[in-house]
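Chain and residue survey
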Amino acid sequence: MALDRRRFLAVGGGAAAMAATGLGTAWAASTTDRKAAHDAIPQPSLRGFTSGSVVANGIRQHYVAGGTGEPLVLLHGWPQTWWMWRKVMPALAEHFRVIAVDLRGMGGTAKPAGGYDKKNMAKDIHELIRALGYRSVHLAGHDIGSMVAYSFAANHPAAARKVALLDVLHPDDSYYEFRMLPRPGQSSASPWWFAFNQVRQLPEELIAGQGREVVDWVFDYLLVDRGAIDDRSRAVFGRNYSYPAAIRGGNSWYQAFGQDIADLKTYRPVGTPLLGLAHPGYFPLMRATLPKQGTDVRVAEIAGTGHYLVEEQPSEVVRHFLDFFGRRR
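The structure reproduced in this document is the subject of the present report.

The rules behind the values
Residues numbered from 1 in each chain as written. Predicted model: local features only at pLDDT ≥ 70, side-chain atom pairs only at ≥ 80, totals over all residues. Heavy atoms only, no water. Helix = DSSP H or I, 4+ residues; strand = E, 2+ residues; numbered from the N terminus. Buried < 20%, exposed > 50% of the residue type's maximum accessible area, 1.4 Å probe, protein only. Areas by Shrake-Rupley, 256 points an atom, 1.4 Å probe, with all protein chains shown as cover. Contact = heavy atoms within 4.5 Å. Pairing = 2+ DSSP bridges. Axes fitted to C-alpha atoms, helices over the stretch in contact; angles between N-to-C directions. Phe/Tyr/Trp six-rings, centres within 6.5 Å; stacked < 30°, edge-to-face > 60°. Lys NZ or Arg CZ within 6 Å of the ring centre and 35° of its normal. Salt bridge = Lys/Arg side-chain N within 4 Å of Asp/Glu carboxyl O.

1. Concerning the overall build of the protein chain
- Along the backbone of the protein chain there are 15 helices and 8 strands.
- Taking all 329 residues of the protein chain together, 58% fall into the buried category.
- Total accessible area computed for the protein chain in this model is approximately 13,000 Å², and 51% of it derives from carbon and sulfur atoms.

If you want it as structure tokens, here you go:
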């Protein structure tokens, strides 16, 4: 399976599958349900971790926490929730107080009409950690979460101890150059979801109740080992992305890219120590770009994975995190 930058530059079933998750019955596709603005989408549980929520930056934010030690905040990408970190959270909790957050617009966090620029989403996280009693934290983000994590370091440097960025960089002018039409003979398809997610209202109508079909396609396209995200987890993500409010929220992350690009131009290279982790197709771009965006940067390639490297190579991610963030002494 060939891995190239264009293919992996991202981002960020049925009733039986829903029943298998323990999340309740499948989506009821009535007109009322399709247009409802759900915030409290049912979430799975992870042994040793507890679910909580706080109101911060004007919205209710959901998080799952466990372990003791220095705080390590984990931010997911598209089209996922905090559950994407499930494979690494137990090992990390042996060394840190792990706090996996649902970003604005997804999972158990509120889904307001606006506020999806990464600068404001970083403010969400900054106010959340203050509400939890922390002045500073370690931070790791994947995909859209990586954009938020970098914005956090740029806008709240005193609150950022160390920051890990996984497989995506903050939006810049290169995003305006994405081509939607593959050239003849080009094996990889265009990143059509970048354009589709810019469309307002229509995606909610088309995808409501069918989020599983979307996440299955995205995962199968961007994974090397399709089994790395199992059926239960696909059902979790598919259910979350089946609610119109969550579809709109996740798409709003993309619709804010123009503001994100403008904001990046106002940032100086951050002084917070940065770790960039990337799969082989994205690694050359991260290695060339990230050192220009920070003054203390290390970049590493994760082999044998596609875009969803936390789920395909969890042991490698944990190893790099412990080397970077530090181990419990």
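Next comes the rest of the description.
2. Observations concerning the environment of L322
- With respect to the element layout, L322 can be found in helix α15 (residues 314-325).
- With relative accessibility at 8%, the residue L322 sits in the buried group.
- Spatially, the C-alpha atoms of L322 and F96 are 9.7 Å apart, while their sequence positions differ by 226 residues.
- With residues up to four places along the chain from it excluded, the contact list for L322 reads L92, H95, F96 and R327.

3. Side note on the sheet that holds strand β3 (residues 70-75)
- An order of β1-β2-β4-β3-β5-β6-β7-β8 is seen for the 8 strands of this open sheet, with the pairing classed as mixed. Bordering the open sheet on either side are β1 (50-56) and β8 (297-301), each of which pairs with just one other strand. Ignoring which end each strand starts from, the neighbouring axes of this sheet average 20 degrees apart.
- Pairing analysis gives 4 bridges linking strand β2 (residues 59-66) to strand β4 (residues 96-101), with the strands arranged antiparallel. Within the sheet, the bridge partner assigned to G66 lies in β4 and is V98.
- Across the sheet, helix α6 (residues 144-155) is in contact with β3, β5 (137-142), β6 (160-166) and β7 (274-278); its angle to β5 comes to roughly 145 degrees.

4. Quick notes on the packing of aromatic side chains
- Inspection of every chain in the model, using the stated rule, returns 23 aromatic pairs.
- Ring centres of W192 and W217 lie 5.3 Å apart, and the angle between their planes is 65 degrees; this geometry places the pair in the edge-to-face category. Placement of the pair is W192 in helix α7 (residues 192-196) and W217 in helix α9 (residues 211-222), with a sequence separation of 25 residues.
- Ring-pair connections join several aromatic residues into one group, and the members of that group are W78, Y175, F178, W192, W193, F194, F196, W217, Y221, Y241, Y254 and F257.
- Here R104 stacks its cationic end above the ring of Y116, 6.0 Å away from the centre of that ring.
- Positioned above the aromatic ring of F324, the side-chain terminus of K162 is 5.5 Å from the ring centre.

5. Some points on the pattern of salt bridges
- Applying the stated criterion to the full structure yields 12 salt bridges.
- One salt bridge in this structure joins D216 and R212, with 2.9 Å as the shortest N-O distance. Taken together, the positions of D216 and R212, both in helix α9 and 4 residues apart, correspond to about one turn of that helix. Residues D216 and R212 agree in their burial class; the two are buried.
- Between D216 and R234 there is a salt bridge, with its nearest N and O atoms 3.0 Å apart. Here R234 lies in helix α10 (residues 231-240) and D216 lies in helix α9, a separation of 18 residues in the sequence. When sorted by exposure, D216 lands in the same class as R234, which is buried.
- Salt bridges sharing partners connect three or more residues here, namely R212, D216, D220, D231 and R234.

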